[in-house]
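Okay, here's what each chain looks like letter by letter:
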Amino acid sequence: MPELPEVETVANGVNARVRGRRIEQVWTSGKPQTFKSSPAKIAGTLTGARIERVRRVGKTIVMDLRGAEDRPAQFLVHLGMTGRLLVAQPEIPWPTHTHAVLSLSDGREVRFVDPRRFGRLSVLTGPSGYQGPGTEPTTVLAEEFAQLFKGRRLAIKAALLNQSILHGVGNIYADESLFRAGIRPRRQAGRLSREQLARLHAALQEVLAEAIRLGGSSVSDYVDADGVRGFFQLQHKVYSRAGQPCRECAAVLKKITVGGRTTVYCPRCQQ
Ligand SMILES: [Zn+2]
């Protein structure tokens, strides 16, 4: 599943290519599970609208639009497990599992392709705009970050993954930031010290920034805005390394389940 850094990279890539363009025509596959808004509503909202910018909110790609009579609207794209948002020249054949195609004023096409169909497309109209469920992890300040966990009785790993607390943090970056902060994944969130929370805040922002810089580090089926497969792999310290030696202390990394998710940690470096 694409995580925050991948979604950010895709959003930035698409933004650089389509910002300022007008959407002239919309085609949809009509596959019911893909469309959270009806295909007719999506086509009606998008057709003729100008793309003001494309950005990430949580793990959602938000396309800010200006429609007829200057009305604001937003096209929301959630990539799900295997969704891709591509910008392509029209002569390049549509990949199989293409579910939406936006034809732009410059002739190019924005294509949403999703073999497993866990991705979701929807539109929002009205001035309020999409806020996302929780707090943005890349910009939250240390003090507010600490407040988010106050009194919470769940494990810190589960709290990091809870999208209503922080939006966009997935399994990879939760495990990696807990390792860097030296905190065991099962420690109760509300009982962490101020110092531990300060370390975790710094660690989380560090790993996210690093991954965004590297262009994301997804291990799943992921292709960026140009359709180029790839992305550099962040060197994971713990994620998916259970049973292997810790890169810092050589202790064998342990695998447990926290909040239903596979979790890997170092029993020596994390307390
Ligand atoms: Zn270690």
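Above this text sits the structure in question.
Reading the values: rules and limits
Residues numbered from 1 in each chain as written. Predicted model: local features only at pLDDT ≥ 70, side-chain atom pairs only at ≥ 80, totals over all residues. Heavy atoms only, no water. Pairing = 2+ DSSP bridges. Helix = DSSP H or I, 4+ residues; strand = E, 2+ residues; numbered from the N terminus. Axes fitted to C-alpha atoms, helices over the stretch in contact; angles between N-to-C directions. Buried < 20%, exposed > 50% of the residue type's maximum accessible area, 1.4 Å probe, protein only.

Caption draft 1: Quick look at the sheet that holds strand β1 (residues 23-28). The antiparallel open sheet is built from four strands, whose spatial order is β1-β6-β7-β5. Strands at the two margins of the open sheet, each flanked by one partner only, are β1 and β5 (84-88). Along the sheet, successive strands turn relative to each other by an average axial angle of 15 degrees, direction set aside. Relative to strand β7 (residues 109-113), β5 runs antiparallel, the two being bridged by five bridges. Across the sheet, the residue bridging to arginine 84 is valine 113, located in β7.

Caption draft 2: View of the pairing of strand β6 (residues 98-104). Where burial is concerned, most of β6 is hidden: six out of the seven residues are buried. Taken together, the five bridges between β1 and β6 define a ladder with antiparallel strand orientation. Among the inter-strand pairings, threonine 28 is bridged to a residue of β6, identified as alanine 100. Pairing of β6 with β7 involves five bridges; the strand directions are antiparallel. The partner of valine 101 across the bridge, within β7, is arginine 111. Here β6 folds back onto β7, and the loop between the two strands holds four residues, one of which, glycine 107, carries a positive phi near 95 degrees.

Caption draft 3: Here's a closer look at the environment of arginine 187. Within the element layout of this structure, arginine 187 appears in the loop between α5 (171-181) and α6 (194-214). Overall, the relative accessible area of 32% leaves arginine 187 in the partly exposed class. Measuring from C-alpha to C-alpha, the distance between arginine 187 and glutamine 271 comes to 8.4 Å, with 84 residues separating the pair along the chain.

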